[in-house]
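Observations on the three-dimensional arrangement
The residues making up each chain are set out below.
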Amino acid sequence: MEQSSRRTFVRQMLGSALTFSLVEILSSGQMLGAKVKPLAAKWLMEVRGLTSDLRGRKLRPVEWQERVEDLFRRIDLADLLRSIDYAKLAKAPLFPEDHESALELEFPHVRGLPAELTYVPMFIALKRGRAIVPHGHHNMASMHMVLDGEVHARHYEKRGGDDKYLIVEPTLDTTFARGDLSTVSDERNNVHWFKALTDSVFMLNVAAFGIDGTKNYTGRDYIDPLGGQKLGDGTIRARRLTDKEAFKLYGNS
């Protein structure tokens with residue numbers, strides 16, 4: 001996904017929800033304490049190496065998922081969690097009524113990070129009842145980690161479909177709290193859905209677009225899993241939705 005297109009996508013997700021001051025705070029790295037910045041740089045550089053190997057065909061998407069999951073599960077979140085004033089963020093006007101806020105992060109003041117990463121780190125915010133609505137992706141791999149709060153996390157595996165429906169198989173249905181994470185790619189758990197269970201939820205997302213080495217990105221496959229037809233083999237024939245339909249059905253409940 002080209003840089004300008006990627007930023008356009010993020011701006012569309014943000015809408016008018018984030019004030020300039022909040023964007024400035026998060027993007028400048030002020031959300032991270034001085035002691036945490038070098039650790040963050042180390043994690044981000046490791047993800048950069050894994051993503052480079054993914055694009056260079058040295059890793060399959062599912063291998064990237066396994067390595068990234070292992071990397072972030074080894075992270076001690078204590079200092080990071082203490083360094084972010086979640087109570088202050090929870091009072092900021094960054095919560096849309098029918099989906100998440102997704103802010104692309106930049107770390108210009110973190111020593112050791114290159115100017116251009118091979119993936120996009122994002123800071124995601126939700127309030128109670130709001131959701132990252134059920135959707136799948138193409139030609140990308142990503143990770144979501146809960147930093148604060150709890151979400152109902154659900155994943156599905158794509159098993160086929162056409163231009164009106166997707167056949168999906170449920171693979172995960174659980175509650176995520178601080179430090180819990182999951183990944184998606186075209187090879188495993190491609191469809192995901194997160195609903196906020198607490199007053200506010202903050203998540204870290206890292207997304208690698210165009211993992212086949214191209215800049216091709218074809219957007220999201222929004223679906224209606226709860227309204228779908230349950231098939232005899234445990235799969236669901238879920239209707240494809242537009243983004244507006246998905247936000248209306250699942251964005252605020």
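Computed from a predicted model, the values in this text were never measured in an experiment. (Residues numbered from 1 in each chain as written. Predicted model: local features only at pLDDT ≥ 70, side-chain atom pairs only at ≥ 80, totals over all residues. Heavy atoms only, no water.)

Within the chain, the secondary structure is distributed over seven helices and 11 strands. Taking all 253 residues of the chain together, 54% fall into the buried category. Of the contacts formed within the chain by residues at least 6 apart in sequence, a portion of 79% connects residues at least 24 apart. A total of about 11800 Å² of accessible surface is found on the chain, and carbon and sulfur atoms cover 49% of it. (Helix = DSSP H or I, 4+ residues; strand = E, 2+ residues; numbered from the N terminus. Buried < 20%, exposed > 50% of the residue type's maximum accessible area, 1.4 Å probe, protein only. Contact = heavy atoms within 4.5 Å. Areas by Shrake-Rupley, 256 points an atom, 1.4 Å probe, with all protein chains shown as cover.)

Judged by nonpolar contacts, the single largest core of 24 residues is most densely connected at W64, V68, F72, Y119, M143 and M145. Those elements that provide at least two residues to this core are α3 (37-55), α4 (61-73), β2 (120-127), β4 (140-148) and β9 (200-209). Per element, the largest residue contribution to this core is five residues, and it comes from α3. For W64, the residues in contact, after removing those within four places along its chain, are L50, T51, L54, L59, A141, S142, M143 and V206. Judged by nonpolar contacts, the second largest core, of 15 residues, contains V191, Y222, A238 and Y250. (Core = buried A, V, L, I, M, F, W, Y, C linked by side-chain atoms within 4.5 Å.)

Okay, the side chain of E157 next. With respect to the element layout, E157 can be found in strand β5 (residues 151-161). For the buried E157, no salt bridge exists, and the shortest N-O distance to an oppositely charged side chain is 4.7 Å, to R159. At a separation of 3.0 Å, a polar atom in the side chain of E157 contacts the main-chain amide nitrogen of N189. The residues touching E157, leaving out its near neighbours within four places in the chain, are I167, V168, E169, T171, E187, R188, N189 and N190. (Lys, Arg positive; Asp, Glu negative; His and termini not counted. Salt bridge = Lys/Arg side-chain N within 4 Å of Asp/Glu carboxyl O. Polar contact = N/O pair within 3.5 Å; in protein donor to acceptor, adjacent residues only side chain to side chain.)

Quick look at the pairing of strand β7 (residues 181-184) now. Burial of the side chains of β7 extends over both faces: L181 and T183 are buried on one face and S182 and V184 on the other. Pairing of β4 with β7, which is carried by four bridges, proceeds in the antiparallel orientation. Counted as the bridge partner of H144 is S182 from β7. (Pairing = 2+ DSSP bridges.)

With that out of the way, let us pick up the side chain of H144. Its location among the elements puts H144 in strand β4. H144 has contacts with I124, I132, D180, L181, S182, H192, F194, M203, L204 and N205, leaving out every residue within four places of it along the chain.

Two side chains with opposite charge may pair up if their charged atoms get near one another. Following the criterion strictly, the structure yields nine salt bridges and no others. Taking the shortest distance from any N to any O, the salt bridge between R239 and E245 comes out at 3.9 Å. Assessed through its relative accessible area of 35%, R239 is described here as partly exposed. For E245, a relative accessible area of 34% corresponds to the partly exposed category. Counted as one network, the salt bridges with shared partners bring together E69, R73 and R188.

Turning to the sheet that holds strand β10 (residues 221-230), a few remarks are in order. Spatially, β3-β8-β5-β6-β11-β10 is the arrangement adopted by the six strands of the closed barrel, whose pairing is antiparallel. For this sheet the average axis-to-axis angle between neighbouring strands, irrespective of direction, equals 45°. Note: β10 against strand β11 (residues 236-241), five bridges, orientation antiparallel. In the strand pairing of β11, Q229 is matched with R237. (Axes fitted to C-alpha atoms, helices over the stretch in contact; angles between N-to-C directions.)

Moving on, we come to the packing of aromatic side chains. The relative placement of two aromatic rings is captured by the distance of their centres and the angle of their planes. With the rule as written, the count across this model stands at four aromatic pairs. Here the aromatic rings of F176 and F194 are separated by 6.3 Å at their centres, their planes lie at 40°, and the arrangement is tilted. Taken together, the residues span a long stretch of sequence, with F176 in strand β6 (residues 165-176) and F194 in strand β8 (residues 191-196) at a distance of 18 residues. With a relative accessible area of 7%, F176 lands in the buried category. Here F194 falls in the buried class, since its relative accessible area comes to 0%. Ring geometry for Y222 versus F247: centroids 6.0 Å apart, planes at 75°, classification edge-to-face. Here Y222 is found in strand β10, whereas its partner F247 is found in helix α7 (residues 243-250), with 25 residues between them in sequence. The pair formed by Y222 and F247 is uniform in burial state, with each residue classed as buried. Above the face of the Y165 ring, R237 is positioned so that its terminal group lies 3.7 Å from the ring centre. (Phe/Tyr/Trp six-rings, centres within 6.5 Å; stacked < 30°, edge-to-face > 60°. Lys NZ or Arg CZ within 6 Å of the ring centre and 35° of its normal.)

The subject of this paragraph is unusual backbone geometry. The phi dihedral of R57 is positive, around 65°, even though this residue is not glycine. Topologically, R57 is positioned in the loop between α3 and α4. In this structure, N189 takes a positive phi of about 50° despite not being glycine. With respect to the helices, strands and loops of the structure, N189 is situated in the loop between β7 and β8. Residue N189 is classed as buried on the basis of its relative accessible area of 16%.

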